[in-house]
Amino acid sequence: MDIFGISTLVIVLSLLHHVHGDVTSTKGCDIFQGKWVYDASYPLYNSAKCSFIEKEFDCLKNGRPDKYYLKYRWQPTGCSLTRFNGQDFLQRFRGKSIMFVGDSLSLNQWQSLTCMLHTANPHTPYKLFRIGGLSTFTFPAYNVKVMFSRNAFLVDIIATKAGRVLKLDSIESGKMWKGIDFLIFNTWHWWLHSGRKQPWDLIQEGNRLYKDMDRLVAYKKGLNTWARWIDTNLDPKKTRVFFQGVSPDHNNGGDWGEPTAKHCEGQMRPVVGHQYPAGSHPAELVVERVLHSMSKPAYLLNVTTLSQLRKDGHPSVYGHGGHRDMDCSHWCLAGVPDTWNQLLYAALIKRKTN
Ligand SMILES: *[C@@H]1O[C@H](CO)[C@@H](O)[C@H](O)[C@H]1NC(C)=O
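Residues numbered from 1 in each chain as written. Predicted model: local features only at pLDDT ≥ 70, side-chain atom pairs only at ≥ 80, totals over all residues. Heavy atoms only, no water.

Student: Please give an account of the state of the cysteines that cites residues and values.
Tutor: For the coordinates displayed, the defined rule picks out four disulfides. Two residues share a disulfide in this structure: C50 and C115, whose sulfurs sit 2.1 Å from each other. Between C50 and C115, the S-S dihedral sits near -75 degrees, and the bridge is therefore left-handed. With C50 in the loop between β1 (34-38) and β2 (72-76) and C115 in helix α3 (residues 104-120), this residue pair connects regions lying 65 residues apart in the sequence. Grouping residues by exposure puts C50 and C115 together as buried. Paired through a disulfide, C264 and C328 show a sulfur-sulfur distance of 2.2 Å. Between C264 and C328, the disulfide has an S-S torsion of -90 degrees and is therefore left-handed. (Disulfide = S-S within 2.5 Å. Helix = DSSP H or I, 4+ residues; strand = E, 2+ residues; numbered from the N terminus. Buried < 20%, exposed > 50% of the residue type's maximum accessible area, 1.4 Å probe, protein only.)

Structure, rendered in structure tokens:
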């Protein structure tokens, strides 16, 4: 009787779960609020089956021994995410172009999506080509294009006699964004670089030149320029605009409540629960404010908090360079960016953007 009671409860609960999922996958559920749960059916694909994956993301091939990090599914509090369906994706978006624009975190998400699509459609021929900073992955039979345009700041860097100038109020590269169906932007990490990794010598705003400025302030000015460009130049009926939220790094153990951890090496489990000890990311707040000020809708893929919880998801020494090049910024694939793409897919298949 006891056992019967329990299994009835389980059935009722799973029915409730099901109904709940159906109701909330349409409206009223914040899919970015939730927790990571263990799911034996994960990962969504076998990275060995994605032959074009970049070495720096291919953690298993680079010798990562632990595998729990592959087994986590994002569970929103108020609903369930639609499972990614790579066949449906190609049919639904036949003839459409998708472009990720940003730094190597965009590359990370683009690569994840191309692996998700290819492994779901292993017999569908694809083409992959690179011209300059533009990578295009396409399924000719469906005319679906998934592109990545490398662009670390979104605003321009121009070479002048005085040096390389980061122009906070200029966007020349916007030309290539016109006519794309779905644009997913991201910028943040490069704004912090100084010394040898800083790719500019001067910052320009209007007619004024600066040797440097508070980086968060510069970031906000650059993003505002981007927002104005989108508002002025894109037709929301043709192009849907997304912003890939700030991807957090885990270089500092104190941020996730383990002051003795110097970096992310050896992390095998996510942070437990819904909240990250260090709280909101300062750049995240800038992104929120700028997106809020726009007159055309831009959908925030609010991945910051959920990624903050995944201190176990980085390549660490199983990325491009062992201990000489510890990577606690990018993410292993399969891994966390697959969830970003599930969230993107959930947003894309909804009829409205906001
Ligand atoms: C992003 O998600 C986090 C976690 O759910 C939440 O605290 C934050 O308010 C969200 N930001 C926006 C702009 O919705």
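Let us keep going from here.
Student: Explain the sheet that holds strand β7 (residues 156-160) to me, and be specific about the residues and the numbers.
Tutor: Read across the sheet, four strands follow the order β7-β8-β10-β11 without closing on themselves; strand pairing throughout is mixed. The outermost strands of the open sheet, each flanked by one partner alone, are β7 and β11 (208-210). Here the strands of the sheet are splayed against their neighbours by 30 degrees on average, with no regard to which way each runs. Taken together, the three bridges between strand β8 (residues 163-167) and strand β10 (residues 202-205) define a ladder with parallel strand orientation. When the sheet's bridge partners are listed, V165 is paired in β10 with L202. (Pairing = 2+ DSSP bridges. Axes fitted to C-alpha atoms, helices over the stretch in contact; angles between N-to-C directions.)

Student: Could you give me a rundown of the packing of aromatic side chains, with the residues and numbers involved?
Tutor: Under the criterion given, the structure shown has 23 aromatic pairs. Ring geometry for F89 and Y345: centres 6.1 Å apart, planes at 20 degrees, overall stacked. With F89 in helix α2 (residues 86-92) and Y345 in helix α7 (residues 336-349), this pair connects stretches of sequence that are 256 residues apart. Taking the relative accessible area as the measure of exposure, F89 reaches 1% and is therefore buried. Considering the side-chain rings of W177 and W229, the 5.1 Å spacing of their centres and the 80 degrees angle between planes classify their relative orientation as edge-to-face. Residue W177 is found in the loop between β8 and β9 (182-185), and its partner W229 is found in helix α4 (residues 215-233); the two are separated by 52 residues along the sequence. A relative accessible area of 12% means that W229 is categorised as buried. Taken together, the ring pairs connect F84, F89, F93, F182 and Y345 into an aromatic cluster. For the cation-ring pair, R310 lies above W36, with the distance from its terminal atom to the ring centre recorded as 4.5 Å. (Phe/Tyr/Trp six-rings, centres within 6.5 Å; stacked < 30°, edge-to-face > 60°. Lys NZ or Arg CZ within 6 Å of the ring centre and 35° of its normal.)

Student: Break down α4 for me, with residues and values.
Tutor: Its 19 residues give α4 an end-to-end C-alpha distance of 27 Å, which sits within 8% of 27 Å, the value for a rise of 1.5 Å per residue. Within α4, burial applies to R215, A218, Y219, G222, L223, T225, W226, A227, W229, I230 and D231. As for α4, its buried residues are in contact with β9, β12 (240-244) and α5 (282-292). At the N-terminal boundary of α4, the capping side chain belongs to D214, with an oxygen 2.9 Å from the backbone nitrogen of L216. (Expected span 1.5 Å × (residues − 1). Contact = heavy atoms within 4.5 Å. Polar contact = N/O pair within 3.5 Å; in protein donor to acceptor, adjacent residues only side chain to side chain.)

Student: Quick one: what's the story with the packing of α3 against α7, residue by residue and with numbers?
Tutor: Two quantities define a packed helix pair, namely the angle between the axes and the distance from one axis to the other. Packing of α3 against α7 leaves a shortest axis separation of 9 Å and a crossing angle of 75 degrees. As the angle between them shows, α3 and α7 are arranged roughly perpendicular. Residue-level contacts link L105, N108, Q109, S112, L113 and M116 of α3 to P337, D338, W340, N341, Q342 and L344 of α7. Across the contact of α3 with α7, the residue classes tally to six nonpolar, five polar and one charged. (Parallel < 35°, antiparallel > 145°, perpendicular 65-115°, else oblique. Nonpolar A, V, L, I, M, F, W, Y, C, P; charged D, E, K, R; others polar.)

Student: How would you sum up the pattern of salt bridges? Please name residues and give values.
Tutor: All chains considered together, the criterion is met by 11 salt bridges. The partner of R73 in a salt bridge is D39, and the shortest N-O contact between them spans 2.6 Å. Residue R73 is found in strand β2, and its partner D39 is found in the loop between β1 and β2; the two are separated by 34 residues along the sequence. A relative accessible area of 25% places R73 in the partly exposed class. (Salt bridge = Lys/Arg side-chain N within 4 Å of Asp/Glu carboxyl O.)

Student: Which residues make up the side chain of T339, and what are the values?
Tutor: Inspection of the secondary structure puts T339 in helix α7. Judged by relative accessible area, which is 2%, T339 ranks as buried.

Student: Before we move on, could you go through the confidence of the model for the chain and cite the residues and values that matter?
Tutor: Note: predicted coordinates in regions of low pLDDT should not be interpreted at a detailed level. The predicted model of the chain has a mean per-residue pLDDT of 90, with 91% of residues at 70 or higher. Long-range and interchain partners of residues 1-26, a stretch whose pLDDT sits below 50, account for 13 contacts in this model, where long-range means more than four residues apart. (pLDDT = per-residue confidence, 0-100.)

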